[in-house]
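# Examining the three-dimensional arrangement
So the chains spell out like this:
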Amino acid sequence: MKLPICCKCHYSFRWRSAIKVLFGWKRFICPNCKTKLYPTAESRQKASFVLILPLLVLLLLPFFGISFLWTFIIYFVLLASIMALLPFFYTFVDEEEPFW
Ligand SMILES: [Zn+2]
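The name recorded for the protein in an unreviewed UniProt entry is CXXC-20-CXXC protein, from Saccharococcus thermophilus.

## With respect to the UniProt feature "transmembrane region" (unreviewed entry) in the protein
Residues given the UniProt feature "transmembrane region" (unreviewed entry) here are residues 47-66 and 72-93. Taken end to end, residues 72-93 has its terminal C-alpha atoms 36 Å apart, with 64% of it in helix and 9% in strand.

## Details of the pattern of salt bridges
Inspection of every chain in the model, using the stated rule, returns one salt bridge. When the shortest N-O distance is used, the salt bridge between D94 and K8 registers 3.0 Å. Of the two residues, D94 sits in the segment after β3 (92-93) while K8 sits in the segment before α1 (15-22), which places them 86 residues apart along the sequence.

## Concerning the coordination of the zinc ion
Six octahedrally arranged donors around a metal ideally form angles of 90 or 180 degrees; four tetrahedrally arranged donors ideally form angles of 109.5 degrees. With distances of 2.2 to 2.3 Å, the protein atoms coordinating the zinc ion are C6 (SG), C9 (SG), C30 (SG) and C33 (SG). Geometry at the zinc ion is tetrahedral, judged from its four donor atoms and the angles of 106 to 113 degrees they form at the metal. In terms of primary sequence, the donors binding the zinc ion are separated according to C-x2-C-x20-C-x2-C. Here C30 lies in the loop between β1 (28-29) and β2 (36-39) and C9 lies in the segment before α1, a separation of 21 residues in the sequence.

Thresholds applied
Residues numbered from 1 in each chain as written. Predicted model: local features only at pLDDT ≥ 70, side-chain atom pairs only at ≥ 80, totals over all residues. Heavy atoms only, no water. UniProt positions renumbered as here; feature names shortened; annotations may be inferred. Helix = DSSP H or I, 4+ residues; strand = E, 2+ residues; numbered from the N terminus. Salt bridge = Lys/Arg side-chain N within 4 Å of Asp/Glu carboxyl O. Donors = N, O, S within 2.8 Å, 3.2 Å for Na, K, Ca; no water. Tetrahedral: all angles 85-135°; square planar, octahedral: opposite > 155°, others 65-115°.

Right, here's the structure in full:
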């Protein structure tokens, strides 16, 4: 597993700056070569898929007789783990791709 790198100069981004970009808090500009970067369509698809998982857990666990409290605990642990790992699944390119 590795953090996203710049497609031009191969600068490796820090986890903190990668997570900010994923939540749209700032544009991704390589601090090394100043290239404007965009996540690939594949990365965005992966991200939307993994973000659905905790939601499924939230909806499905009550059907298995798991208490409300435990469902929420599992949901937040899962969500936190996904957030922590998400930047490792991202790839950036220097031009914007359509979603599909
Ligand atoms: Zn760069």
